[in-house]
Structures are given as structure tokens and as C-alpha cells.
Amino acid sequence: MDLLNRTTTEFTELVASPAPAPGGGGASALAAAVGAALADMVGELTVGKKKFAKIEGELRAMMARAQDLRVRLLACVEKDAEAFEPLSRAYGIPKDDPERDAVMEECLRGAAAVPLEIFDLCCEAIALQKEFAEKGSKMVISDAATGAALCAGALCGAAVNVKVNTKLMKDRAYADAVNAHIDGNLETYRALAEETFRLVYGRYC
């Protein structure tokens, strides 16, 4: 769909349209990518200052992680739309077709896989935001708080987009394992994002 080469206006118009994709998964990936970019920004505006010379190597490693997360999250915008297309077609298979269940199951797994990847990348990004909030220049750590808030929203969006697919899976053992992964990490990383936000917000109150 070449979503990443569209203007912001075009992308948001497409999200708002009747087209089934991009939807919540792609929007979550994009929001988290912006969050990861803000983390990198904190590093870019911290390194090179004498006060942070002792941890410059650590900061640069953190920046490289943020850059990698941003690239991988952006790739998920396109991947999520591509994964949904087969599922959209599968819904059109007649219910009395003997192959329908197998096709649906495969498509549901594919549709759940990308938001699951987005979810895991959001967890990594939130943990990284906390590091930047603690170690970055006080002049720019508000951007780490903003990034944490964006990634927390994206985390929730990715989680619900996983569960909308696992809900319909026939293979309940697989679905339950995926759901357990989401449930086991969702509140932990939401809390970490909130802690990061409060850490920064509290300095201005």
C-alpha cells in the first residue's frame, strides 16, 4: 500500500476512510515510532555536553536502540495493512466451504502477528524512555515523557488488535498463550510508562 510515502494528511484521511486498512494496528505502530523518535531526540540534544561526557557512550547506545525501534515500528505500519488483507478476503469465504476454518485460522494468526510485534516493540520503547528520562538533559526530558505517553497508547492499541484476532481462533491453546503474553506485560509496561511520565511531570509541578 506504500503507506509510509504518503503525506500525514493523506495517511490520516485513509485511516478515516471506509478502507479496512490502515487501522488500529498501523496507527499504533506509527504513534510508537514517533515516541521512539522522541527518545532519540533526547539523546541527540544531550550528547556532546560536558556534563554528560561520562555517559556519552551509554547514551549513544540508547540512541541506536531508539533508531532501530523507530525503523522497525515504521515497517509494521505497512506490514499490518498487508497482514489484514488476506483476513478481509477470508471473511468472504462461504461458511459451508470445508476449507474456510483452516484459511481463517491461518489468516487470524497472520493478522495477530504484526500487532503482537508492535506490542513487544512498544514494551522495549517504554523501557528505553525511562532510561532517557533518568539520564537525559533536563532541558529535553519532557520529550521522553511525551514519548512514553505515545508508546503507552500504542501499547494498548496493539494489545486490543491482537485480542480481536485471538478471540476468533479455533486453536485455543495457541490463542491462550498469545493472550497470556499480552496480559502478562500490558499492565507492567503501562505502569512503567506512567512512572516515566510522572517522573518528568513532577519536576514541573
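Above this text sits the structure in question.
Residues numbered from 1 in each chain as written. Predicted model: local features only at pLDDT ≥ 70, side-chain atom pairs only at ≥ 80, totals over all residues. Heavy atoms only, no water.

**Section: empty space enclosed by the protein**
Thinking step 1. By the definition in use, this model includes 1 cavity of 30 Å³ or more.
Thinking step 2. Roughly 30 Å³ of volume is contained in the largest cavity.
Thinking step 3. Arg 109, Ala 112, Ala 113, Leu 116, Tyr 174 and Val 178 together form the lining of the largest cavity.
Thinking step 4. Listed by contribution, the elements that provide at least two residues to the lining of the largest cavity are α4 (100-135) and α6 (172-201).
Thinking step 5. The residue inventory of the lining of the largest cavity, partitioned by class, reads 5 nonpolar, no polar and 1 charged. (1 Å grid on protein atoms, 1.4 Å probe; cavity = no way out; pocket = protein on both sides within 12 Å on 5 of 7 lines; lining within 4 Å. Points joined across faces, edges and corners; volume = space filled by probe spheres on them. Helix = DSSP H or I, 4+ residues; strand = E, 2+ residues; numbered from the N terminus. Nonpolar A, V, L, I, M, F, W, Y, C, P; charged D, E, K, R; others polar.)

**Details of the environment of Val 160**
Thinking step 1. Its place among the elements puts Val 160 in helix α5 (residues 141-166).
Thinking step 2. Along the backbone, Val 160 and Met 104 are 56 residues apart, and their C-alpha atoms lie at a distance of 19 Å.

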